[in-house]
Amino acid sequence: MKPTIVSIAVTLLLGPRATLLATETPESAAQPNIILILADDLGAKELACYGNTEHRTPNLDRMAAEGMRFETFYVNPLCTPTRVALMTGQYGFHNGFLGMQDPAFKPDPKSPQAQIGNHFTHADLLKSRGYATALVGKWQLSGVLPTLIHDAGFDEYRMWAYDHNLPPGITHPAHERGGQACRYWHPSIVENGKYLPTKPDDYGPDLFNDFVIDFARRHKTEPFFVYYTSVLTHSPHLETPDPGQPGQRWPATFKSNLEYLDHLMGKLLAGLKAEGLDDNTLVIFLGDNGTGGDGKGTVTELGARVPCIVRGPGVKPGVVSRAVADLTDILPTLAESAGAELPKDRPFDGSSLGPVLRGEKEKHRDWAYSHLDDGRVLRDSRWLLEIAKGGKGEKFFDCGESRDGTGYTDVTNSTDPAVQAARARFADILAKLPEPKPRDGLMPRSQTKTERKQKKEAGAAGQRVPPTTPDRVARFGQRDKNHDGVLSHEEFMSTLAGSDREAGETRFKKLDTDRDGQLTQDEFLGTTGKTK
């Protein structure tokens, strides 16, 4: 089912009103509802259905048993590049977000590419087919009120709000260690541009899950899409409610946080069933990167391999798929499911999982790809290549039939003909992909660290080496705690090198050349060309 010229014209002319008109066509009855769930900091190895013997995840296990579970599914090793790739269907060399913490591998904060609202997203795609759309949970991308999140294709949202996401004049009273407004107990929430007051005993994940179920209930007569970006299981791993004993709590552990996420997944599936939506709702469950402290942020399979569970109409149940896939395959899968056509004016790096999900094919693609800054991971059904950031070497593994890291053989230095043939094939694959490089004018942090070492050695020799711009670029990235490309006043003051807050305030005012209460990288570096 493809959009007609008339439906496209209606969408362009009427905007949000076109959603109602689109749902009045007979074709819409065949469109499944879609809920795309992205768990935070959750590697594949944590779920019982992926072999974990310590964690109890009966609802996710049941979702896998009633649908399809992918043994090898890759995302990027950190949050932001995964989220942008998932929303756009593009690797970082196409969408601009190769990394997260190093400014050299992100778009210039002032460039159009830095704003997610300027990209074509999965929500834009599904709105073109008459879907009601919602974002629920963690955002951590660009945007400002009042167009925040709406400009990325979402009709509604309930988000965990950082301080800079709050409406003018609003201050949330509770913050986590590290200074961020709370996401768990007494959560900071903005809903459709308005601050939602909460109490100390309110638990954020409950409020987000409730919104998903309520949105589904309110839009049960039309196709809907929910992008459910769970705040669980990211640290801090605080106590959670005890589902079996109201008023009591589970202990403050990662295990409790994961098992409470599983509880919420069970509650969500039950809510869909109660509304008669269970049979016509495609539910996709993913992690955004490897587990915090055990894979996350590393350019390895442990950092890239996450759970991928798909359940719903048209999905062959009870299948453990050995098809190799990655996050760029999700947007084309949504397009096929909704009967939408991808735009022809931009590249998309994946392909639909539909034939695999329906049981028509066992193999999907020849390889899966992951990246962080200039580091890369490439995987096929047998071989694994991990290329470290900053040109610091690579490792090549013969994985055999294993998919979970066990039994892999390091063959980096092997001269075996089979190994050499595999390496040559991988080199050919990478040669056809754009090489990840820092954007113009910026030096990667890996290089600035080398310069700092050289400066230290020069200082010990009695030589004076003046501060360099790359050093300050790296410092900007370190102080940009929420990785949005600007320093808020709170971020600047909480990361002062010394204890003289009065001097810090003076410094902030001097750097803030446009008096907007935040610092761009150019302002921080003093390269704006403006004067006081």
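Parameters and conventions
Residues numbered from 1 in each chain as written. Predicted model: local features only at pLDDT ≥ 70, side-chain atom pairs only at ≥ 80, totals over all residues. Heavy atoms only, no water. Helix = DSSP H or I, 4+ residues; strand = E, 2+ residues; numbered from the N terminus. Buried < 20%, exposed > 50% of the residue type's maximum accessible area, 1.4 Å probe, protein only. Contact = heavy atoms within 4.5 Å. Areas by Shrake-Rupley, 256 points an atom, 1.4 Å probe, with all protein chains shown as cover. Phe/Tyr/Trp six-rings, centres within 6.5 Å; stacked < 30°, edge-to-face > 60°. Lys NZ or Arg CZ within 6 Å of the ring centre and 35° of its normal. Expected span 1.5 Å × (residues − 1). Arc of directions from axis to C-beta. Pairing = 2+ DSSP bridges. Axes fitted to C-alpha atoms, helices over the stretch in contact; angles between N-to-C directions. Salt bridge = Lys/Arg side-chain N within 4 Å of Asp/Glu carboxyl O. Parallel < 35°, antiparallel > 145°, perpendicular 65-115°, else oblique. Left-handed = near helix turned anticlockwise from the far one by under 90°. Nonpolar A, V, L, I, M, F, W, Y, C, P; charged D, E, K, R; others polar. pLDDT = per-residue confidence, 0-100. Core = buried A, V, L, I, M, F, W, Y, C linked by side-chain atoms within 4.5 Å.

## Re the overall build of the chain
Argument step 1. Counting its regular elements, the chain contains 17 helices and 19 strands.
Argument step 2. The buried share of the chain, reckoned over its 532 residues, is 55%.
Argument step 3. By sequence separation, contacts in the chain at least 24 residues apart represent 64% of the contacts at least 6 residues apart.
Argument step 4. Surface accessibility of the chain: about 22800 Å² in total, with carbon and sulfur atoms responsible for 53%.

## Thoughts on the packing of aromatic side chains
Argument step 1. For the coordinates displayed, the defined rule picks out 17 aromatic pairs.
Argument step 2. Relative to F348, the ring of F120 has its centre 6.3 Å away and its plane inclined at 75 degrees; by these criteria the two rings are edge-to-face. Pair noted here: F120 is in the loop between α5 (92-95) and α6 (122-127) and F348 is in the loop between α10 (330-338) and α11 (354-357), with a separation of 228 residues, a long-range link. A single burial state applies to F120 and to F348, both of which are buried.
Argument step 3. In this structure an aromatic cluster arises from ring pairing among Y184, W185, Y203, W250 and Y260.
Argument step 4. The side chain of R365 reaches across the aromatic face of W367, ending 5.0 Å from its centre.

## Quick look at helix α12 (residues 417-431)
Argument step 1. Between its first and last C-alpha, α12 extends 21 Å over 15 residues, near the 21 Å set by a 1.5 Å rise per residue.
Argument step 2. All of the buried residues along α12 are V419, A422, F426, I429 and L430. What you see down the axis of α12 is that its buried residues fit within an arc of 95 degrees, all on one side. The exposed residues of α12 that point more than 90 degrees off its buried face are P417 and A431.
Argument step 3. The inward-facing, buried residues of α12 abut β13 (368-372), β14 (375-379), β15 (383-387) and β16 (394-398).

## Section: helix α16 (residues 501-511)
Since one α-helical turn is 3.6 residues long, residues separated by three or four positions face the same way.
Argument step 1. Considered for burial, the residues of α16 that qualify are G504, F508 and L511. For α16, the angular spread of the buried residues around the axis is 70 degrees, confining them to a single face. Facing away from the buried side of α16, by more than 90 degrees, are the exposed residues E502, T506, K509 and K510.
Argument step 2. The inward-facing, buried residues of α16 contact β18 (486-488), α15 (489-494), β19 (518-520) and α17 (521-525).

## Observations concerning the sheet that holds strand β6 (residues 194-196)
Argument step 1. Strand order across the open sheet formed by ten strands is β6-β5-β4-β3-β7-β1-β10-β11-β2-β12, with mixed pairing between neighbours. Strands at the two margins of the open sheet, each flanked by one partner only, are β6 and β12 (319-326). Neighbour to neighbour, the strand axes of the sheet diverge by 20 degrees on average, direction disregarded.
Argument step 2. For strand β1 (residues 33-39) and strand β10 (residues 281-287), the ladder comprises seven bridges, and the chain directions are parallel. Paired with I35 across the bridge in β10 is V283.
Argument step 3. The strands touched by helix α4 (residues 79-88) within the sheet are β1, β7 (224-229) and β10, with β7 carrying the most contacts at an inclination of about 170 degrees.

## Quick word on the pattern of salt bridges
Argument step 1. A full pass over the atoms with the stated rule returns 38 salt bridges.
Argument step 2. A salt bridge links R218 to D214; the shortest N-O distance between them is 2.8 Å. Note that R218 and D214 are positioned in helix α7 (residues 204-218) at a spacing of four residues, about one turn of the helix.
Argument step 3. Residue class for R218 comes out partly exposed when judged on its relative accessible area of 40%.
Argument step 4. One continuous salt-bridge network, built from bridges that share partners, spans E156, D214, R217, R218, K220 and E275.

## Comments concerning the pairing of strand β11 (residues 308-311)
Consecutive residues of a regular strand have side chains that alternate between opposite faces of the sheet.
Argument step 1. Along β11, one buried face is formed by C308 and V310 and the opposite face, lined by I309 and R311, is buried too.
Argument step 2. In the sheet, strand β2 (residues 68-74) pairs with β11 via two bridges, with the strands oriented antiparallel. Within β11, the residue paired with R69 across the bridge is I309.
Argument step 3. Examined bridge by bridge, β10 and β11 share four bridges and lie antiparallel to one another. Bridge pairing in β11 places I284 opposite V310.

## Comments concerning the packing of α7 against helix α8 (residues 254-274)
Argument step 1. Between α7 and α8, the shortest axis-to-axis distance is 10 Å and the interhelical angle comes to 15 degrees. When the interaxial angle is binned, α7 and α8 end up roughly parallel. The interaxial crossing formed by α7 with α8 has right-handed handedness. Every residue of α8 that contacts α7 at P205, D206, N209, D210, V212, I213 and A216 is listed here: Y260, L264, M265, K267, L268, G271 and L272.
Argument step 2. Residues that form the contact of α7 with α8 fall into these classes: nine nonpolar, two polar and three charged.

## Brief notes about the sheet that holds β15
Either a parallel or an antiparallel arrangement is found when strands of a sheet pair, and the pairing is made through backbone hydrogen bonds.
Argument step 1. Pairing within the open sheet is antiparallel, and its five strands lie in the order β13-β14-β15-β16-β17. In the strand order of this sheet, the two ends are held by β13 and β17 (409-410), each with one partner.
Argument step 2. Contacts from α12 reach β13, β14, β15 and β16, with the element oriented near 55 degrees to β15.

## A word on the confidence of the model for the chain
Argument step 1. Model confidence for the chain is summarised by a mean pLDDT of 89, while 87% of its residues fall at 70 or above.
Argument step 2. Counting contacts from residues 1-29, a segment whose pLDDT is below 50, to residues more than four positions away or on other chains yields 34 contacts.

## Brief notes about the environment of G504
Argument step 1. Residue position: G504 is located in helix α16.
Argument step 2. Here G504 is in contact with F492, M493 and L496, once residues within four sequence places are set aside.

## Overview of the nonpolar core
Argument step 1. F70, F73, W139, F154 and F225 are the most contacted members of the largest nonpolar core, which totals 52 residues.
Argument step 2. Ranked by residues supplied to this core, first place goes to α10 with five residues.
Argument step 3. By size, the runner-up hydrophobic cluster in this structure holds 45 residues, among which are L60, Y162, F215 and L232.

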